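Chain by chain, the residues:
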Amino acid sequence: MKTFQNLIEEVQTPGLCHHCGGCVTFCTAINYGALALDEKGIPHFSDRAKCIECGLCYSICPEIDELREETDKVAGWVPPMGRILETTVARAKDPVIRNQATDGGVVTALLIHLFDRGHIDGAIVTRQTGPFQRAPWLATTRQEIFDAAGFYLDSSAGMHHFGHDYSTYSPSVQEFRPMLQKGLRRVAMVGTPCQIKAVRKMEALGIVPSDSIRYTLGLFCSGNFHFGEDQRRELEQMGRFAWEDVRKVNLKDELILVLNTGERRTLPLEKLAAFKRYACHYCSDYAAEYADISFGGIGADEGWTTVVTRTPFGRAILADARGQNVEITDPKQKPDLPKHLQDVIKAASERKKQYAQKMHDALVASGGKPAA
Ligand SMILES: Cc1cc2nc3c(=O)[nH]c(=O)nc-3n(C[C@H](O)[C@H](O)[C@H](O)COP(=O)(O)OP(=O)(O)OC[C@H]3O[C@@H](n4cnc5c(N)ncnc54)[C@H](O)[C@@H]3O)c2cc1C
Ligand code: SF4
Ligand code: SF4
Ligand code: SF4
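How each quantity is defined
- Sequence positions are assigned chain by chain, starting from 1 and proceeding in written order.
- Chains and ligands are labelled by the order in which they are written, letters from A for the one and numbers from 1 for the other.
- With pLDDT at 70 or above as the cut-off, local features in this predicted model cover only qualifying residues; side-chain atom pairs require 80 or more to be listed or tallied, and sums for whole chains, interfaces and linings still use all residues.
- As a rule here, side-chain values cover all heavy atoms of the structure and leave hydrogens and water aside.
- The helix count covers DSSP runs of H or I at least four residues long, the strand count covers runs of E at least two residues long, and both are numbered beginning at the N terminus.
- Atoms considered for the radius of gyration are the C-alpha atoms alone. The globule rule reads 2.2 Å times the number of residues to the power 0.38.
- The cut-offs for exposure are 20% and 50% of the maximum accessible area for each residue type, with area from a 1.4 Å probe on protein chains only; residues under the lower value are buried, those over the upper are exposed, and the others partly exposed.
- Whether two residues are in contact is decided by their heavy atoms, any of which lying within 4.5 Å being enough.
- The accessible surface values rely on the Shrake-Rupley method and a 1.4 Å probe; as for residues, cover is taken only from the protein chains in view.
- A residue counts as positive if it is Lys or Arg and as negative if it is Asp or Glu; His and the chain ends are not included.
- Throughout, a charge is located at the NZ atom of Lys, the CZ atom of Arg, the CG atom of Asp or the CD atom of Glu.
- For a helix, the expected span equals 1.5 Å multiplied by the number of residues minus one.
- Relevant arc is that of directions from the helix axis to the C-beta atoms, nothing else.
- At least two bridges found by DSSP between two strands are what make those strands a pair.
- Only heavy atoms are used to decide nearness, and a residue is near a molecule or strand if one of them lies within 4 Å of it.
- Side-chain classes are defined by residue name, with Ala, Val, Leu, Ile, Met, Phe, Trp, Tyr, Cys and Pro counting as nonpolar, Asp, Glu, Lys and Arg as charged, and the others, Gly among them, as polar.
- Note on geometry: axes are lines fitted to C-alpha atoms, helical ones only across the stretch in contact, with angles between N-to-C directions running from 0 to 180 degrees.

Novice: Any chance you could explain the overall build of the chain here in plain terms?
Specialist: When its secondary structure is counted, the chain shows twelve helices and 15 strands. Since a compact globule built from 372 residues should have a radius of gyration of about 21 Å, the 20 Å found for the chain is in line with a globular shape. In terms of overall dimensions, the chain has C-alpha extents of about 60 × 45 × 40 Å along its principal axes. A buried classification covers 53% of the 372 residues belonging to the chain. Within the chain, residue pairs in contact and separated by at least 24 positions form 69% of the contacts whose partners lie at least 6 positions apart. Carbon and sulfur atoms provide 50% of the accessible area of the chain, an area that totals close to 16500 Å². The chain carries 45 positive and 46 negative side-chain charges, and their two centres are separated by 3 Å.

Novice: Help me out: how do you make sense of helix 9 (residues 193-205) in this one?
Specialist: Side chains three or four residues apart in an α-helix point the same way, a direct result of the helix having 3.6 residues per turn. Taking 1.5 Å of rise per residue, the 13 residues of helix 9 would be expected to cover 18 Å, and the 19 Å separating its terminal C-alpha atoms lies within 8% of that figure. Burial analysis of helix 9 places ten of its 13 residues in the buried class, the great majority of the element. Gly206 occupies a position one or two residues after helix 9 and carries a positive phi of about 70°.

Novice: Would you mind going over helix 11 (residues 312-321) with me for this structure?
Specialist: Residues Gly314, Ile317, Leu318 and Ala321 constitute the buried set of helix 11. Across the axial projection of helix 11, the buried residues extend over an arc of 100°, all falling on one side. At its buried positions, helix 11 is contacted by helix 6 (106-116), strand 8 (213-219), strand 13 (293-296), strand 14 (305-309) and strand 15 (326-328).

Novice: Would you mind showing me how to read the pairing of strand 11 (residues 254-259) here?
Specialist: In terms of burial, strand 11 is a largely internal element, five of the six residues being buried. Strand direction decides the pairing type here: strand 10 (residues 246-251) and strand 11, joined by five bridges, are antiparallel. The partner of Asn250 across the bridge, within strand 11, is Ile256. The hairpin turn running from strand 10 into strand 11, its antiparallel successor, is two residues long. As paired strands, strand 11 and strand 12 (residues 264-268) are joined by five bridges and run antiparallel to one another.

Novice: How do you make sense of the site of ligand 4 when you look at a structure like this?
Specialist: Near ligand 4 lie ten residues; those nearest to it are Cys194, Cys221, Asn224, Cys280 and Cys283. In terms of residue class, the shell around ligand 4 is built from six nonpolar, three polar and one charged.

Novice: Please clarify how the environment of Leu318 should be interpreted in this entry.
Specialist: Positionally, Leu318 belongs in helix 11. Take Leu318: its relative accessible area is 4%, and that puts it in the buried class. Sequence spacing of Leu318 and Cys61 is 257 residues, and the spatial spacing of their C-alpha atoms is 30 Å. The residues contacting Leu318, other than those within four sequence positions of it, are Leu110, Ile293, Val307, Thr309 and Ile328.

Novice: Just to check I follow, could you spell out the environment of Lys352 for this structure?
Specialist: Note on placement: Lys352 falls in helix 12 (residues 337-365). A C-alpha to C-alpha distance of 7.2 Å links Lys352 and Asp285, two positions 67 residues apart in sequence. Not counting the four nearest positions on each side in its chain, Lys352 is found in contact with Cys221, Ser222, Cys283, Ser284, Asp285 and Tyr286.

Novice: Hey, could you run me through the sheet that holds strand 11 in this one?
Specialist: For sheets, the rule is that strands pair by backbone hydrogen bonds, running either parallel or antiparallel. A sheet is described by the order of its strands in space; here three strands give the open sequence 10-11-12, paired in antiparallel fashion. With partners counted over all chains shown, the strands left at the sheet margins are strand 10 and strand 12, one partner each. Here the strands of the sheet are splayed against their neighbours by 20° on average, with no regard to which way each runs.

Written out as structure tokens, the structure reads:
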């Protein structure tokens with residue numbers, strides 16, 4: 001039976017761990033208590049003697065290619081980029097949400113809809129915890145869900161005033177623990193594709209706390225980025241801007257910075273490759289292929305969100321919110337839209353898969369040692 005020791009050897013040592021926290025969350029939820037996260041969010045053995053070698057932390061790790069068939073079945077996954085029931089563009093009806101949101105605010109509008117209708121007791125989202133810091137958060141009120149909207153930087157102070165690094169990654173799976181402590185049984189989770197996959201793997205095994213996650217809302221993801229002070233300065237030069245003037249950040253097929261003046265600066269993602277989290281170079285899921293619904297900005301006009309409905313659950317909540325909290329483009333008015341969106345998403349997905357494969361091949365060729 002493989003255990004956390006094997007995760008150390010196969011995932012952590014080659015640099016493939018993206019700190020989702022899934023292994024620790026499970027081991028803690030089930031009260032084995034063998035694992036903990038250090039202050040940097042890296043999982044480690046806190047008490048090796050407590051490990052009963054159940055092997056479940058190994059199986060649920062999204063970096064481990066185990067349970068593929070079972071996980072695919074749970075999500076109804078089909079090639080080449082997961083099940084797709086519908087593809088459209090939509091936006092929140094409430095202009096206040098749209099103003100705060102990353103794209104069209106559909107994620108926030110749907111969460112608020114589910115909350116108002118009593119379908120969920122809370123949502124695992126990500127909130128701003130400092131001028132350039134975000135952290136996972138279990139939102140249990142309407143206001144808290146609203147406050148988490150967007151991908152914002154606080155413009156009240158410049159990035160240079162802060163010693164800490166800025167990372168776009170937020171280890172949302174770690175919020176399972178407070179969810180269990182509060183006894184919440186009906187929660188929606190917003191996460192990157194890797195985080196959604198960890199949940200589906202838990203579901204495939206039928207283990208806690210995945211039974212409390214009622215809806216999985218996945219975000220398209222071309223990678224997460226980590227900017228230390230030097231990189232931030234480099235970015236300013238590359239993009240001809242000052243961080244103190246940045247109002248909003250978005251990631252689509254490029255990094256988009258909206259300045260306080262309303263001007264936009266864009267940086268091609270290829271130029272940011274050096275700032276990408278190491279594990280993200282090996283990731284092949286762009287379009288959150290295992291979610292109930294996936295959301296992104298590519299393919300949609302400014303202020304709208306591209307929405308891929310993947311499961312009957314996802315389709316039901318979107319249909320329920322239509323006209324009330326969410327405005328959905330009428331397919332009769334734009335019959336070519338679904339195909340256009342699927343072409344754009346497919347191209348981005350293929351690019352990511354090919355790149356990940358190339359990186360994996362190189363890792364194997366180097367004997368499993370991560371690039372310096
Ligand atoms: C790291 C990252 C990379 C992305 N890359 C792409 C891309 O390449 N192409 C593309 O089209 N779209 C990408 N997206 C998705 C896009 O930025 C929007 O999140 C999506 O279009 C939904 O917009 P919205 O206005 O409907 O969401 P909103 O209503 O603004 O809600 C966004 C939700 O996402 C949560 N959230 C924000 N940051 C994170 C995070 N780091 N981890 C987990 N949850 C978070 C918020 O708490 C909120 O609940 C990326 C998102 C992230 C977080
Ligand atoms: S008890 Fe199970 S889940 Fe916890 S570290 Fe050991 S193998 Fe992993
Ligand atoms: S489950 Fe997540 S945190 Fe644990 S080893 Fe795998 S990637 Fe890293
Ligand atoms: S690129 Fe992959 S591993 Fe990195 S955050 Fe996105 S989904 Fe997770």
